[in-house]
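# Observations on the three-dimensional arrangement
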Amino acid sequence: MNPSTSPHDQQELRSWLNLTLPAGIGPRKQQQLLRAFGHPDAVFDAGLSAVAGLVGIKLAESLFDGRNNEAQQALIATTLAWLSEPGHHIVTLADRDYPQRLLESDDPPSLLYINGDPAYLNRAAIGIVGSRNATPQGIENALAFSRVLADAGFTIISGLALGIDAAAHEGAIRSEAASGTIAIIGTGIDRVYPSSNKKLAHVVTGKGCIISEFPLGTAATASNFPRRNRLIAGLSQACLVVEAAPASGSLITARLAGELGRDLFAIPGSIHAPQYKGCHALIKQGAKLVECAQDILEELRPQAATQSATPEPAPDKPEHAPLIAALGHDPCTLDQLISRSGLTADAVLAMLTELSLEGVVTNLPGGRYQRLIRS
């Protein structure tokens, strides 16, 4: 929604903002009012008494007083100015661009602030979450899984935090496919938290979008992030937890994803590593253990699983056979491939280039390579 289209649209948006900005009237109360009256304009037209009958007199007074509150009206003016800039959008429950998967939750935001392309909101998507204090291996896993899943056509959703989140966005950005990535943040759309991810945030807006349900200017507070996590779970059709300590916020996302009936995946690790205790707990509770991105693709695409169970075709070129055999199914370095195959470094590099172009091999972080199973 862009207020420059007509005065009527701008006035309509003002009504949505007046409904959502007052403190204490969260998504559930807003839904209650919209179900009863049908539209923000109708909520205010109904009058204080009728609204108080649904949400109580204090919240009703807060709602109606907001239309005359100087600070709230100044924020609306600031929001409309922000919205007039290229790439900035607000999508409400009444808009066709509103993400359909969020409607499956019992408290979808009444509106979303978006920086980037709203078209990504309704694409096939996988959430990837994990620890802020990620291990180097966890970062590599997030990058590799994200890139392969993006190559397969899935938009990658995460929370723009340090560690696993940032790596998940980065992996999607590195994909040659136009699957894109969505960052869901726990601050106002005009802020980046942590500030060290400003460069990444800028790239995300060009390769997908950043979204927030919080008003402009909202600072990062602890209570905002569980709300952010519910949107990651709601927008995703499946969720992958890469690393998670026992009390990790990623487990909140996983729990919410499970409550919504989303497919839930977790990567196992050392039984001695605290960063994997949460993942192991999820696996014990029924999350699917995954060792490579192909495990997720086979689960989400039954046809691919059936095809991969049949013998794989022979290499298109017989001379590639030794290198294919040396690759196996786990990531390996160039030196390992040279040692296993008995080929020269030049020959291995030339073949890897050909196989990458054919979609048989993918490059992983750290100078490693992995074979992809072709469906």
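Relevant structure appears above.
Presented here is an overview of the structure given in this document. Owing to the predicted nature of the structure, the values given are computational and were not obtained by experimental measurement. (Residues numbered from 1 in each chain as written. Predicted model: local features only at pLDDT ≥ 70, side-chain atom pairs only at ≥ 80, totals over all residues. Heavy atoms only, no water.)

Turning our eyes to something else, we now look at the packing of helix H2 (residues 27–37) against helix H4 (residues 48–55). Their axes nearest at 10 Å, the elements H2 and H4 cross at an angle of 125°. It follows from the interaxial angle that H2 and H4 lie oblique. For the crossing formed where H2 meets H4, the hand is right-handed. Residue-level contacts link Lys29, Gln32, Leu33, Ala36 and Phe37 of H2 to Ala50, Val51, Leu54 and Val55 of H4. (Axes fitted to C-alpha atoms, helices over the stretch in contact; angles between N-to-C directions. Helix = DSSP H or I, 4+ residues; strand = E, 2+ residues; numbered from the N terminus. Parallel < 35°, antiparallel > 145°, perpendicular 65-115°, else oblique. Left-handed = near helix turned anticlockwise from the far one by under 90°. Contact = heavy atoms within 4.5 Å.)

As a further point, take the pairing of strand S7 (residues 238–241). Of the two faces of S7, the one holding Ala238 and Leu240 and the one holding Cys239 and Val241 are both buried throughout. Bridging between S7 and strand S8 (residues 263–266) involves 4 bridges; their strand directions are parallel. Along S8, the bridge assignment pairs Leu240 with Phe265. Taken together, S7, helix H11 (residues 249–259) and S8 form a β-α-β motif whose crossover is right-handed. (Buried < 20%, exposed > 50% of the residue type's maximum accessible area, 1.4 Å probe, protein only. Pairing = 2+ DSSP bridges. Right-handed = clockwise from strand over helix to strand, strands pointing away.)

What the second largest pocket holds in volume is close to 360 Å³. In this structure, the second largest pocket is lined by 20 residues; those nearest its centre are Thr20, Leu21, Pro22, Pro215 and Arg227. Of all the secondary-structure elements, those providing two or more residues to the lining of the second largest pocket are H2 and strand S2 (111–116). Grouping the constituent residues of the lining of the second largest pocket by class yields 12 nonpolar, 6 polar and 2 charged. (1 Å grid on protein atoms, 1.4 Å probe; cavity = no way out; pocket = protein on both sides within 12 Å on 5 of 7 lines; lining within 4 Å. Points joined across faces, edges and corners; volume = space filled by probe spheres on them. Nonpolar A, V, L, I, M, F, W, Y, C, P; charged D, E, K, R; others polar.)

What follows is about the side chain of Ser236. Position of Ser236 relative to the elements: it lies in the loop between helix H10 (224–235) and S7. According to the relative accessible area criterion, Ser236 is buried, its value standing at 2%. Of the polar contacts made by the side chain of Ser236, one reaches the backbone oxygen of Ile232; its length is 2.7 Å. When near neighbours in sequence (up to four residues on either side) are disregarded, Ser236 contacts Arg101, Ala125, Ile126, Gly127, Ile157 and Arg262. (Polar contact = N/O pair within 3.5 Å; in protein donor to acceptor, adjacent residues only side chain to side chain.)

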